Amino acid sequence: MSTERQAVQLRRRYTGEGHQAALAFYRRHGMHFGLVPDTHDPQQQIFEAAVLHTLARPHPALGPLPTPNGAPFCLAAASPGVESLVLWPHPDHLTAFLLHLLPTRADDGIAGLPALRTVTSPYQDLVVRLVGRAARITVRATGADVERARAAALAAGREPLWDQTAPAAGERNAWSTLVDAFAPGEAQLWSRALRRPGLADPQTSAQWARRAPLAGELEGPKPAQLLPRPVGPLAGTIRGTVAVTPAGGLGAAGCTTVALHLAAALARGGTQVIVLADGNSPASPLAWPDRRSGDASWRDLVPGLPALRGAVLPEEREEALALVDRARAQADVVIVDTGNGSHPHLYLARETDLVLAVTRYQQRHWIADIELIDRRPEHVRMWAWLDQQYLQRRPVRERSEEQLLLTFLDVVFADWVAQKSWADADHFAYWEPDWVVVDELLELDARDIEDLPAEDEEPDLDRWRADFLAAVDTEGTRRYPRLWPQIAAAWPEHSRRRNRAGLRATEPEHDEFRALLQEVLTMVEAEAITRWGSDLWQAHHRQWAVRAASDEPLVDPYTELIERVAIPQPSTDIADRLLQAVHDLPTARLLFTVNRVHGDIDPQQLAEVGSILRDRGARGVASVPTLPELGELQRQTAGLAVADGAQAAAGARLAVAVTDLLAASGRS
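Read on for a plain summary of the structure.

Conventions used here
- Residues numbered from 1 in each chain as written.
- Predicted model: local features only at pLDDT ≥ 70, side-chain atom pairs only at ≥ 80, totals over all residues.
- Heavy atoms only, no water.
- Helix = DSSP H or I, 4+ residues; strand = E, 2+ residues; numbered from the N terminus.
- Contact = heavy atoms within 4.5 Å.
- Areas by Shrake-Rupley, 256 points an atom, 1.4 Å probe, with all protein chains shown as cover.
- Phe/Tyr/Trp six-rings, centres within 6.5 Å; stacked < 30°, edge-to-face > 60°.
- Buried < 20%, exposed > 50% of the residue type's maximum accessible area, 1.4 Å probe, protein only.
- Lys NZ or Arg CZ within 6 Å of the ring centre and 35° of its normal.
- Salt bridge = Lys/Arg side-chain N within 4 Å of Asp/Glu carboxyl O.
- Pairing = 2+ DSSP bridges.
- Axes fitted to C-alpha atoms, helices over the stretch in contact; angles between N-to-C directions.
- Parallel < 35°, antiparallel > 145°, perpendicular 65-115°, else oblique.
- Left-handed = near helix turned anticlockwise from the far one by under 90°.
- Expected span 1.5 Å × (residues − 1).
- Arc of directions from axis to C-beta.

### Considerations on the overall build of the protein chain
What the protein chain contains, in helices and strands, is 21 helices and 18 strands. Nonlocal contacts in the protein chain, meaning residues at least 24 apart in sequence, comprise 73% of its contacts between residues at least 6 apart. A total of about 32100 Å² of accessible surface is found on the protein chain, and carbon and sulfur atoms cover 50% of it.

### Thoughts on the packing of aromatic side chains
If you walk through the whole model with that rule in mind, you get eight aromatic pairs. With centroids separated by 5.2 Å and ring planes inclined at 55 degrees, the aromatic side chains of phenylalanine 413 and phenylalanine 468 adopt a geometry described as tilted. Of this pair, phenylalanine 413 sits in helix α13 (residues 401–422) while phenylalanine 468 sits in helix α15 (residues 461–479); the two residues are 55 residues apart in sequence, bridging distant segments of the chain. Looking at phenylalanine 413, the relative accessible area reads 0%, which means it is buried. According to the relative accessible area criterion, phenylalanine 468 is buried, its value standing at 0%. A cation over a ring is seen here: arginine 140 above tryptophan 88, with NZ or CZ 4.6 Å from the ring centre. The ring of tryptophan 298 is capped by arginine 326, whose NZ or CZ atom sits 4.5 Å from the centre of that ring.

### With respect to the pattern of salt bridges
Within this structure, the stated rule accounts for 27 salt bridges. Between glutamate 401 and arginine 482 there is a salt bridge, with the nearest N and O atoms lying 3.6 Å from each other. Residue glutamate 401 is located in helix α13, and its partner arginine 482 is located in the loop between α15 and α16 (484–500); the two are separated by 81 residues in the primary sequence. By sharing partners, the salt bridges in this structure join Glu455, Asp462, Arg465, Glu493 and Arg496 into a single network.

### A closer look at the pairing of strand β14 (residues 354–360)
Most of β14 is tucked away, with five of its seven residues classed as buried. In this sheet, β14 lies alongside strand β9 (residues 240–246) in parallel orientation, the contact comprising five bridges. Within β14, the residue paired with valine 242 across the bridge is leucine 354. Pairing between β14 and strand β17 (residues 590–597): six bridges, direction parallel.

### A short note on the sheet that holds β14
The sheet built from eight strands is open, its strands ordered β11-β12-β10-β13-β9-β14-β17-β18 with mixed pairing. In the strand order of this sheet, the two ends are held by β11 (299–300) and β18 (621–625), each with one partner. Across four bridges, the pairing between β17 and β18 is parallel. Counterpart to threonine 593 in the pairing with β18 is alanine 622. Here helix α9 (residues 255–268) sits on the sheet and contacts β9, β10 (273–277), β12 (308–312), β13 (333–337), β14, β17 and β18; the angle it forms with β13, its principal contact strand, is near 170 degrees. Along the sheet, helix α20 (residues 603–615) makes contact with β17 and β18, crossing β18 at roughly 145 degrees.

### A word on the environment of valine 275
When you line up the elements, valine 275 lands in strand β10. A relative accessible area of 3% places valine 275 in the buried class. In the structure, valine 275 is positioned 23 residues away from tryptophan 298 in sequence and 9.1 Å away in space, judged by C-alpha atoms.

### Thoughts on the side chain of histidine 540
Along the polypeptide, histidine 540 turns up in helix α18 (residues 534–549). Other than its neighbours up to four places away in sequence, histidine 540 contacts His379, Met382 and Trp383.

### Observations concerning the environment of arginine 210
Here arginine 210 is to be found in the loop between α8 (202–206) and β9. For the pair arginine 210 and arginine 57, spaced 153 residues apart in sequence, the C-alpha separation works out to 8.1 Å.

### A word on the environment of threonine 67
On the secondary structure map, threonine 67 appears in the loop between α3 (42–56) and β1 (75–80). For threonine 67 and histidine 90, which are 23 residues apart along the polypeptide, the C-alpha to C-alpha distance reads 9.1 Å. If near-sequence neighbours (up to four positions away) are discounted, threonine 67 is found in contact with Pro72, Phe73 and Pro202.

### Examining the packing of helix α19 (residues 571–580) against α20
Packing of α19 against α20 leaves a shortest axis separation of 9 Å and a crossing angle of 55 degrees. Taken together, the axes of α19 and α20 are oblique relative to one another. The chirality of how α19 crosses α20 is right-handed. Of the residues in α20, those touching α19 at Ser571, Thr572, Ile574, Ala575, Leu578 and Leu579 are Gln605, Glu608, Val609, Ile612 and Leu613.

### A few points about helix α5 (residues 143–155)
Note on helix geometry: an α-helix contains 3.6 residues per turn, so any two residues three or four positions apart are oriented the same way. Helix length check: α5, at 13 residues, gives a terminal C-alpha distance of 18 Å against a target of 18 Å (1.5 Å per residue), a fit within 8%. For α5, every residue scored as buried is listed here: Gly143, Asp145, Val146, Ala149, Arg150 and Ala153. Buried positions in α5, seen along its axis, are confined to an arc of 155 degrees and lie on one side of it. The inward-facing, buried residues of α5 abut α4 (94–101), β3 (104–106), β6 (126–130) and β8 (159–160). Looking one or two residues past α5, glycine 157 carries a phi angle of roughly 80 degrees, positive in sign.

So, in structure tokens, the structure goes:
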């Protein structure tokens, strides 16, 4: 049996999908990302977990889903991709599946997955997502199927919510309750189970109504054969030399990180890789003192990854060219980090088979504008407006000299306690208050001042107050001889009372705060009625004042209803900008690499830019995401040996693009 046929059959045993779908995945990706990939996006993972949790534990009004032909929850198959997931409901129970998944509301509460919304047409697959979030799943269903589910919901006295613009009442809380109940690591198991429905028999899946899936239940046959394999063509060996160089010759693009990231992805699969780099660059692992000798022998770069070696490029041009030739003879792939320091090797880019022109992602080059779609209820938007008015037009508090001195002592005592908690004795002995703060109290924000320990949690607070007063007594008496005795006597009780009330220094007393809020309401009433209308103002402005006075979050729970829609720059403009930066590099061998991407480049936009670049003679464009692990690669190279997780998946995507182009170059 061929390797391809074995792989397709094994994937089908996990996913339950048809032969053509499994074959299409394997021929597109091979084993570069594993045979049945998990998602590495936390937002996508929690969404997938919530979907299966909702199907496994339906609302009592709906009852459990049937298991036709052993299909758990009417889920006949799944097609887990590298960055996607397609669900295949059982065709005989499609309406029941959609009724259990899509949110509806009746007197008995919300059924289905709260805050889930659909995008579809009569001739397209159904795409489900959460309000205001990028995570999404494709469901093999049509607009006609959704309409049948709608009719069934209405006949049962349930209101469909899946096409409403904003979350209905209670949806946000229901969603939070669902996901907050996941124990650490549990969401990953639910997500994996959704991607592997072929493993779930009716008896096993029935138990998920009471507990989460177990890791052993999701292991399946031959688990070692699911792991990612060498990145390269599905047959044969990849050979070639790749230069990694900054577009336009500018530094800080992250070329060394990209070079190591690519090299490790290839080496983890068994490709023999040699990295050549400038030993004078502090960002390079080859810059370590024991690796900068004149000896040009290869050095292991990562413990446990013998397929990845490296050497320092000589400063002399001819010697560097000779080292590249020697590396070609001893490795499958040579990666040259050309550098841009005191001894750049940019000329080597013309001696390689492929050039990765690295440019640091800048949002303004890809995104023309961010459109805010505010789907919050109108009264919530009025509350947010009132918050702004309070910050911008808050009346100035009249403070007597005595009040100012008491507040000053509150501020500096908070600093004194904070310093005492971390400073050593010698350093703390030199602490002195900044008496200039007295003149700046009205400008200080309470949020920038340290919290004091609670009165019932720190038994030494009263002693600290006495020690603090002793520390400032001499200077206080000198500066304020008339007021200081009464201030020093009153301040300890003043401090205790405010601390028990949970007030920070400069924060107004509760009665004073309520008076300020009312004063602002009076000040803005006419403008508010003009903007929001008399009925809305009368119905909701008092609620703002009451909740604001009690420090109860009023607007924050609705922030998810503000959707930020990226308006992309024209793809031709992006391609023009990329090409303008590399006029000195060989266009026919250029793969543009956008580094440190924050996730807001739309895949379709990236594909369009790549197509335009290829039309203009370049090899296309790839991207490398911003990941915390990548920022540590130069100092902690051991992470390069890790074969799973978001870093490994991102490296594999870049390595696939590179090896595809090297393979094409070898055939041409």
